[in-house]
Amino acid sequence: MASIGQVTRQGNSFKGHIKTLAFRADINIVPNADKKADNHPDYRVLSQGAEVGAGWTRKSESTGNEYVSLSLADPSFGPKKLYANLGRLAGQDPEDDSTLAIIWNPKD
């Protein structure tokens, strides 16, 4: 899986960037204050004040650890969405969860 960016944890939020061959964007991943149902996203993904995606807290079936699953949209993607997960950087200290990679999770 490819890392397409990284974020730094800032309390309950994350701040960082996404960078691909086609674009680069600074992003903020913030708790969804309007969440009213279990299927609503736990996070909103913002770039330059515009909402560009959402995130859900998930639990790994193999380890039981929680992670954030992202769904991102942009007009340059056309009708498709970009899916990614927040995870550890390659070689990162297992005790350090302050910086996380945005790991692209391609869907067909």
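Before reading on, note that the structure itself is shown above.
Residues numbered from 1 in each chain as written. Predicted model: local features only at pLDDT ≥ 70, side-chain atom pairs only at ≥ 80, totals over all residues. Heavy atoms only, no water.

Novice: In this structure, what is going on with the overall build of the protein chain? I would like to understand it.
Specialist: Of regular secondary structure, the protein chain possesses zero helices and eight strands. Beginning at the N terminus, the succession of helices and strands in the protein chain can be written as β-β-β-β-β-β-β-β. Its C-alpha atoms give the protein chain principal-axis dimensions of about 35 × 35 × 30 Å. Within the protein chain, the fraction of its 108 residues that count as buried is 34%. Long-range pairs, those at least 24 residues apart, make up 23% of the contacts in the protein chain with a sequence separation of at least 6. Surface accessibility of the protein chain: about 7,200 Å² in total, with carbon and sulfur atoms responsible for 48%. Of note, the protein chain has its 13 positive side-chain charges centred 5 Å away from the centre of its 13 negative side-chain charges. (Helix = DSSP H or I, 4+ residues; strand = E, 2+ residues; numbered from the N terminus. Buried < 20%, exposed > 50% of the residue type's maximum accessible area, 1.4 Å probe, protein only. Contact = heavy atoms within 4.5 Å. Areas by Shrake-Rupley, 256 points an atom, 1.4 Å probe, with all protein chains shown as cover. Lys, Arg positive; Asp, Glu negative; His and termini not counted. Charge placed at Lys NZ, Arg CZ, Asp CG, Glu CD.)

Novice: Looking at this structure, how should I read the packing of aromatic side chains?
Specialist: Under the counting rule described, the total for this entry stands at two aromatic pairs. With centroids separated by 5.6 Å and ring planes inclined at 50°, the aromatic side chains of Phe23 and Phe77 adopt a geometry described as tilted. Remark: Phe77 occurs in the loop between strand 6 (66-72) and strand 7 (82-87) and Phe23 occurs in the loop between strand 2 (13-19) and strand 3 (24-31); sequence separation between them is 54 residues. With relative accessibility at 24%, the residue Phe23 sits in the partly exposed group. (Phe/Tyr/Trp six-rings, centres within 6.5 Å; stacked < 30°, edge-to-face > 60°.)

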